[in-house]
Amino acid sequence: MRYNAVLFDLDGTLLDTLDDLAAAANQALILQGLPPHPIDAYRHLVGDGLRTLVDRMLPVDRRDPATVSALVAAFTETYARTWHHRSAPYPGIKDLLDQLAARGVRMSILSNKPDAFTRLCVQQLLPHWHFEPLFGQREGVPKKPDPAAALEIARLLQLDPSRILYVGDSGVDMRTARGAGMDAAGVLWGFRDQAELIRTGAIHLVARPSDLLPIVFSS
């Protein structure tokens, strides 16, 4: 077996959360009297943490601290109520997780989504699998693509980073993997495109969740 553990990103990798993220973000904008964005635009707005999402949503001349804080609060309140309306695992993810668990591969999650929301989504939408560690964005810990949290996971698993396959859907994920000394697999069903994944360091490209299995178990 080539890898002893798989470290997954969450949004755009395990879970399709785009519609719920976009709906909560647009509702926050409307409450501030600002125009919403098309749902598809959020493929490039999300991925770098909540505060960066809010900055990207706002017109440049409205990125003052008061407006940013109001949008963060409005998004947080709305998303807490509506995060589960359309979010679900991507097709094939449940079978992939079953196969990895059955063969003793350890599984972890590292997301730039706030830690409380990360845990809530996993507990409700992926309740049958054990992810350890399970980290969202935490106070005092640099967000991805800083490799600090990925390296923390490697230490907690007591594995050399080279024995962990990092699986994500964005350049943020590919750069995180590269910085941590992990091989990166870029998924083609997520929020970003193949060109971004290749440009930022993907070692493997996978079109379906089942394509990960021969990568993990190759000698």
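Residues numbered from 1 in each chain as written. Predicted model: local features only at pLDDT ≥ 70, side-chain atom pairs only at ≥ 80, totals over all residues. Heavy atoms only, no water.

Scanning all chains against the criterion turns up two cavities of 30 Å³ or more. Space inside the largest cavity adds up to approximately 300 Å³. Residue assignment for the lining of the largest cavity shows that the elements contributing at least two residues are helix 3 (50-57), helix 4 (65-82), strand 4 (106-114) and helix 8 (171-180). Considering each element in turn, the lining of the largest cavity owes the most residues, four residues, to strand 4. The class makeup of the residues in the lining of the largest cavity is ten nonpolar, five polar and nine charged. The volume enclosed by the second largest cavity comes to roughly 50 Å³. Lining the second largest cavity, in full, are Leu 110, Ser 111, Asn 112, Gly 136, Gln 137, Arg 138, Val 141, Pro 142, Lys 143, Lys 144 and Ala 149. Contributing elements (two or more residues each) for the lining of the second largest cavity: strand 4 and strand 5 (134-137). Looking at the lining of the second largest cavity element by element, the count peaks at three residues for strand 4. (1 Å grid on protein atoms, 1.4 Å probe; cavity = no way out; pocket = protein on both sides within 12 Å on 5 of 7 lines; lining within 4 Å. Points joined across faces, edges and corners; volume = space filled by probe spheres on them. Helix = DSSP H or I, 4+ residues; strand = E, 2+ residues; numbered from the N terminus. Nonpolar A, V, L, I, M, F, W, Y, C, P; charged D, E, K, R; others polar.)

Taken together, the six strands give an open sheet; going across it, the order is 5-4-1-6-7-8, and neighbouring strands pair in parallel fashion. The strands lining the two open edges of the sheet, one partner per strand, are strand 5 and strand 8 (204-206). Strand-to-strand twist across the sheet, computed as the mean angle between neighbouring axes with direction ignored, equals 20°. Inspection of the sheet shows strand 1 (residues 5-8) paired to strand 6 (residues 164-168) by four bridges, in the parallel sense. From the neighbouring strand, Phe 8 faces strand 6, where its bridge partner is Val 167. Packing of helix 5 (residues 93-102) onto the sheet brings it into contact with strand 1 and strand 4, and relative to strand 1 it is tilted by some 150°. (Pairing = 2+ DSSP bridges. Axes fitted to C-alpha atoms, helices over the stretch in contact; angles between N-to-C directions. Contact = heavy atoms within 4.5 Å.)

This next bit is on the pattern of salt bridges. Applying the stated rule across the entire model yields twelve salt bridges. A salt bridge links Arg 56 to Asp 48; the shortest N-O distance between them is 2.8 Å. We classify Arg 56 as partly exposed; its relative accessible area is 31%. The shortest N-O distance in the salt bridge between Arg 192 and Glu 196 comes to 3.0 Å. (Salt bridge = Lys/Arg side-chain N within 4 Å of Asp/Glu carboxyl O. Buried < 20%, exposed > 50% of the residue type's maximum accessible area, 1.4 Å probe, protein only.)

The tally for this structure, following the rule as stated, stands at three aromatic pairs. On the numbers, 4.9 Å between centres and 80° between planes, the contact of Tyr 79 with Phe 117 is edge-to-face. Highlighted residues: Tyr 79 in helix 4 and Phe 117 in helix 6 (residues 115-125), separated in sequence by 38 residues. Here the two residues Tyr 79 and Phe 117 agree in accessibility, since each one is buried. Ring plane angle 55° and centroid distance 6.5 Å describe the contact between Tyr 90 and Trp 189, whose orientation is recorded as tilted. Pair noted here: Tyr 90 is in the loop between strand 3 (88-89) and helix 5 and Trp 189 is in the loop between strand 7 (183-187) and helix 9 (194-199), with a separation of 99 residues, a long-range link. For the pair formed by Tyr 90 and Trp 189, the shared burial category is buried. Taken together, the ring pairs connect Phe 75, Tyr 79 and Phe 117 into an aromatic cluster. One Lys or Arg, Arg 103, reaches over the ring of Phe 217 and ends 3.6 Å from the middle of that ring. Over the aromatic face of Phe 135 sits the side chain of Arg 138, whose NZ or CZ is 3.7 Å from the ring centroid. (Phe/Tyr/Trp six-rings, centres within 6.5 Å; stacked < 30°, edge-to-face > 60°. Lys NZ or Arg CZ within 6 Å of the ring centre and 35° of its normal.)

A few words on a nonpolar patch on the surface. On the surface, a cluster of nonpolar side chains totalling about 230 Å² of accessible area is made up of Leu 188, Ile 198 and Leu 205. Relative to the helices and strands, Leu 205 resides in strand 8. Residue class for Leu 205 comes out partly exposed when judged on its relative accessible area of 33%. (Patch = residues over 30% accessible without salt bridge, like charges linked within 9 Å, V, L, I, M, F, W, Y side chains within 5 Å. Areas by Shrake-Rupley, 256 points an atom, 1.4 Å probe, with all protein chains shown as cover.)

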